[in-house]
Amino acid sequence: MGIFGGKKQKESIKLEKEEALDLRWDKYYLNKSIKIDDLGEIEFISKSLLRLKTDKKTNLIQEGIITSIKINGKEYKFLVLEITERKIDLAFKEEFEDIEFIKENTRFVESYKTSKKYTITDKEIESIRISQDFINAINLLSEVDDPNTDAESLSFIINQIPPLKNKIIEEANKASENIIEEIKDLPTAIARLGMDKIKKLSYQYFDLFVATYKNPMENFESFNQFNLTKVQTFKKFAPYIPFQPKRKVGLLLLLLETVSSIANLFIEKDSDYKKILKNSLKFYSYPLRICEKYLFGEDYLSLNERFLERKFKILLEVNDSYKLAHLLLNPMLSLKQEPLSLSNRNLKRAYLYYLVFLAVNFLVYNDKKSGFILYNRLKRFGMSVNESTDFLNEIVFYINKILTALKIKPYLKTPSPVNYTISCKKIFPESGDFVDLIETFKKLGSGKFKRLALRHQDSKFAGLLLNYLINDPEIGLHDKSFIIIPSEEIQNPDSLLIENLAGFDIVYFKNIDNLSPVIYREFYKIWKNFEGIIIVDYSYYSFLDFDPTKIQIFHIIKENKIDIPLLTENQKAYDFLKEQAKNMYIELFEKTDFKNLDKIDSNLYDLESAFLMLLG
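So, how was this worked out
- Starting afresh in each chain, residues are numbered from 1 along the sequence in its written order.
- It should be noted that, the model being predicted, local features are given only for residues of pLDDT at least 70 and side-chain atom pairs only at 80 or more, the latter also being counted only at that level, while totals for whole chains, interfaces and linings use all residues.
- Processing note: side-chain calculations cover all non-hydrogen atoms of the structure and skip hydrogens and water entirely.
- Burial status follows relative accessibility: with a 1.4 Å probe on protein chains alone, a residue under 20% of its type maximum counts as buried, one over 50% as exposed, and anything between as partly exposed.
- Counting from the N terminus, the helices are DSSP H or I runs at least four residues long and the strands are E runs at least two residues long.
- We define a nonpolar core as any set of buried Ala, Val, Leu, Ile, Met, Phe, Trp, Tyr and Cys residues linked to one another through side-chain atoms lying within 4.5 Å.
- Note on contacts: a residue pair qualifies if any of its non-hydrogen atoms lie within 4.5 Å across the two residues.
- The rule for pairing is simple: two strands pair if DSSP sees at least two bridges between them.
- Axis definition: a line fit to C-alpha positions, over the contact stretch in the case of helices; interaxial angles, taken between N-to-C directions, run 0 to 180 degrees.
- Whenever two N or O atoms come within 3.5 Å, that pair is a polar contact, provided that in protein one can donate a hydrogen and the other can accept it, and provided that, for residues adjacent in sequence, both atoms are side-chain atoms.
- Pairing of aromatic rings covers Phe, Tyr and Trp, the last through its six-membered ring, and needs centres within 6.5 Å; plane angles under 30 degrees mean stacked, over 60 mean edge-to-face, and all others mean tilted.
- Note on geometry: a ring has a charge over it if NZ (lysine) or CZ (arginine) is within 6 Å of the ring centre and within 35 degrees of the ring normal.
- Relative orientations are named as follows: roughly parallel for angles under 35 degrees, roughly antiparallel for angles over 145 degrees, roughly perpendicular for angles from 65 to 115 degrees, and oblique for any other angle.
- The sense of a crossing depends on the near helix, which, turned anticlockwise from the far helix by less than a right angle, makes the crossing left-handed and, turned clockwise, makes it right-handed.
- For this scheme, ten residues count as nonpolar: Ala, Val, Leu, Ile, Met, Phe, Trp, Tyr, Cys and Pro. Four count as charged, namely Asp, Glu, Lys and Arg, and the remainder, Gly too, count as polar.
- With a 1 Å grid spanning the protein atoms alone, the term cavity applies to any set of points in which a 1.4 Å probe fits but cannot get out, the term pocket to an open set with protein on both sides within 12 Å along at least five of seven lines, and the term lining residue to any residue with an atom within 4 Å of a point.
- Grid points are joined across faces, edges and corners, and a volume is the space filled by probe spheres set on the points.
- Salt bridge, as used here, is a side-chain nitrogen of Lys or Arg placed within 4 Å of a carboxyl oxygen of Asp or Glu.

(A) How the structure looks around helix H11 (residues 262-269). For H11, the tally of buried residues reaches six of eight residues, placing the bulk of the element in the interior. Every buried residue of H11 is accounted for by Ile262, Ala263, Asn264, Leu265, Phe266 and Ile267.

Shown next as structure tokens:
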């Protein structure tokens, strides 16, 4: 069963209503002690609500009365909603609009900036080379995959590949034993063998070429196994995600990663980077992207775009899929702001790449987490655990057959279901707002909710939590197809059409507060009509409901919003962030020589900054 086949019945279940006043506007927690008369200090404020913290029940005012209170020198009228020993809740009679007062008294999560160690020049990018043999092999694959190819076109490509040419002529002579005259030219050999046989020999040559290509990164382990597995998983997964792929460019980009890309320049520039980059677990990881910014000012994904612009312009559209695939694997990532092609083909190709990343990490480097996630995602294809194992075994068997013939070790291990799980209940801190977040996501997984808006104080931290939530079987989103779209990359309404999202169970819009107002109308249509789940996130510090240019987007999502645990309000959330930053450091460097721990503890930093500070 294909992942993108068949229509699901639309469900019109909405979020349960909170109190109307609570729901209408966002709450902002103030970090300074601001006393209001003799009633108490402000805990939070919104356009409609004010909560005061108290240490005893007051009899200065009573519930149900209208009273006047001064805030920032201006008098406001309130309805007293509730009085307890610890709080007084009041409702503004007219909406509170003093956003500057809120901003001045809001605690911001800090960012840590560093100076890059190296500058990557255009001349250095131009110096990155790729062998003609590699280009010939890719051209061959492209021609063989073209349903309109003919003998003349194939002859032109094969003539540039002597080993394949000689093999075809040899096979033609074997097939013509009763013919006295020896076949010496390629066109005759092709005519003798027929196109089906030529295609089979061409595929065999391509696989052998990939399996024996010289490793340009001496520290990269199982380099040929890595490339072979990318090729085979790409081919095996593609039929389940039908989008008329241009196999040449799709595979070429995958193979270029460690053959000819900006990564090759990185390892030349920095010896420590060279030591780190030893497998796909490191290469595809979020911590390495941060480390690249630390060293080179930009990460692999953004700098490699510059390389492709100069060397492989044909790959730029496919590269949009590639970047989105990295975002699926690591929702913590922030992509460089530039237009992305969000066609249905590009989005589906991104999901294909994502599955390839997981498969390579699991099959070549035995990563249990990747295997666990991959087995769950394969369920969306209609595969049972046993069927998934058989499916993966076919890939491994084929690769090991090539490796055995060439005497290349290590062979890939026979895959089996992994003894691994992801449980947010066990991973997240024991805190009420984390419990609320888990329970809310469970309602998405069960189908009770279809829409969710997440407000956060750090988009990287929100992405980190999402990566756990979307892969936790208890949540129920682990076996659904999903795509993540950075809102700032959507440049015009035509690039965001509901038909482009066809086939996905979940669409996640990152940074919806950065969506251009010209897109609001199209987004509203998607929000109302998309049959699957839509999740959006936005920054606490965008003050979305106070911004007149963004208030429309707030009104679209306001009934479905929940806060990601706020770092300024929940010490357990910040402690969890710090622990995760340390885990990322250990994952990348395999050591615990952390720097600046005291400095990280002394303030509030976002996830990426905390990791950067550990570097020193």
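(B) Quick peek at the nonpolar core. If you look at the biggest cluster of nonpolar residues, it comprises 226 residues, and the most contacted ones within it are Ile71, Phe441 and Phe523. Among residues more than four places away in sequence, those in contact with Ile71 are Ile36, Ile45, Leu50, Tyr76, Phe78, Phe92, Phe96 and Phe101.

(C) Region of interest: the environment of Leu604. Turning to its location among the elements, Leu604 is positioned in the loop between helix H26 (597-602) and helix H27 (607-615). The spatial distance from the C-alpha of Leu604 to the C-alpha of Arg107 is 9.2 Å, given a sequence separation of 497 residues. If near-sequence neighbours (up to four positions away) are discounted, Leu604 is found in contact with Arg107, Val109, Glu110, Leu567, Thr568 and Tyr574.

(D) Focus on the sheet that holds strand E9 (residues 482-486). On the basis of which strands lie adjacent, the open sheet formed by five strands has the order E9-E10-E11-E8-E12 and parallel pairing. Pairing within the sheet leaves two strands with one partner each, and these edge strands are E9 and strand E12 (561-563). For this sheet the average axis-to-axis angle between neighbouring strands, irrespective of direction, equals 20°. Across the sheet, helix H16 (residues 316-329) touches E9 and strand E10 (506-510), and the angle it forms with E9 is around 110°. Contacts from helix H21 (residues 432-446) reach strand E8 (451-456), strand E11 (533-539) and E12 within the one sheet, and its direction differs from that of E8 by about 155°.

(E) Examining the side chain of Ser539 more closely. Examined against the element boundaries, Ser539 turns out to sit in strand E11. On the accessibility criterion, Ser539 (16% relative accessible area) is buried. One polar contact links the side chain of Ser539 to the main-chain amide nitrogen of Tyr541, over a distance of 2.9 Å.

(F) Inspection of the packing of aromatic side chains at higher detail. In total, this model carries 50 aromatic pairs according to the counting rule given. What links up through ring pairs into an aromatic cluster is the set Phe220, Phe223, Phe226, Phe234, Phe283, Tyr284, Tyr300, Tyr322, Tyr353 and Phe357. The side chain of Arg451 reaches across the aromatic face of Trp527, ending 5.8 Å from its centre. We note Arg455 situated over the ring of Tyr28; from NZ or CZ to the ring centre the distance is 5.2 Å.

(G) Highlighting the packing of H21 against helix H22 (residues 459-469). In the contact formed by H21 and H22, the axes pass within 11 Å of each other and the chain directions differ by 55°. With respect to H22, the axis of H21 lies oblique. The chirality of how H21 crosses H22 is right-handed. The segment H21 lies against H22, with Phe434, Leu437, Ile438 and Phe441 engaging Phe461, Leu465, Leu466 and Leu469. The residue makeup of the contact of H21 with H22, split by class, is eight nonpolar, no polar and no charged.

(H) Structural context of the pairing of E11. Buried residues dominate E11, accounting for seven of its seven residues. Here E10 runs beside E11; their pairing, made up of four bridges, is parallel. When the bridges of E11 are listed, Phe509 appears paired with Val536.

(I) Spatial organisation of the side chain of Thr233. With respect to the element layout, Thr233 can be found in helix H9 (residues 223-237). There is a polar contact of 2.6 Å between the side chain of Thr233 and the backbone oxygen of Thr229. Separated by 3.3 Å, the side chain of Thr233 and the backbone oxygen of Lys230 make a polar contact. If we ignore the near neighbours within four places in the chain, the residues touching Thr233 are Val356, Ala359, Leu363 and Ile395.

(J) View of the environment of Lys599. Its place among the elements puts Lys599 in helix H26. Apart from residues no more than four positions distant in its own chain, Lys599 is found in contact with Tyr112, Tyr605 and Met613.

(K) Molecular detail of empty space enclosed by the protein. Counted by the stated rule, this structure contains one cavity of 30 Å³ or more. Each pocket or cavity is described by its volume, and for the largest cavity that value is around 30 Å³. Lining the largest cavity are Phe134, Phe209, Val210, Tyr213, Asn227, Leu255 and Val259. Of the residues assigned to the lining of the largest cavity, the class counts are six nonpolar, one polar and no charged.

(L) Structural view of the pattern of salt bridges. Enumeration according to the criterion identifies 34 salt bridges in this entry. For Arg310, the salt bridge is made with Asp122, and the minimal N-O distance between the two is 3.0 Å. Residue Arg310 is found in helix H15 (residues 300-311), and its partner Asp122 is found in helix H3 (residues 122-126); the two are separated by 188 residues along the sequence. Counted as one network, the salt bridges with shared partners bring together Asp26, Arg455, Lys561 and Asp563.

(M) Spatial organisation of the layout of surface pockets. If you add up the space inside the largest pocket, you get close to 850 Å³. Lining the largest pocket are 34 residues, with Asp367, Lys369, Tyr420, Asn467 and Glu587 positioned closest to its centre. Split by residue class, the lining of the largest pocket holds 17 nonpolar, 10 polar and seven charged.

(N) Fine view of unusual backbone geometry. Between Lys409 and Pro410 the backbone carries a cis peptide bond, its omega angle lying at 5°. If you trace the backbone, Pro410 turns up in the loop between helix H19 (385-406) and helix H20 (424-427). The phi dihedral of Ser222 is positive, around 50°, even though this residue is not glycine. Checked against the element boundaries, Ser222 lands in the loop between helix H8 (195-212) and H9. With a phi close to 45°, Phe543 is a non-glycine residue in the positive phi region. Turning to its location among the elements, Phe543 is positioned in the loop between E11 and helix H24 (551-557).

(O) Local environment of the packing of helix H17 (residues 344-363) against helix H18 (residues 368-378). Put simply, H17 and H18 touch, their axes get as near as 8 Å, and they point 135° apart. Put simply, H17 runs oblique to H18. The interaxial crossing formed by H17 with H18 has left-handed handedness. Residues Tyr351, Tyr354, Leu355, Leu358, Ala359, Asn361 and Phe362 of H17 lie in contact with H18, whose contacting residues are Ser370, Gly371, Ile373, Leu374, Tyr375 and Arg377. Each residue belonging to the contact of H17 with H18 can be placed in one class, and the counts come to nine nonpolar, three polar and one charged.

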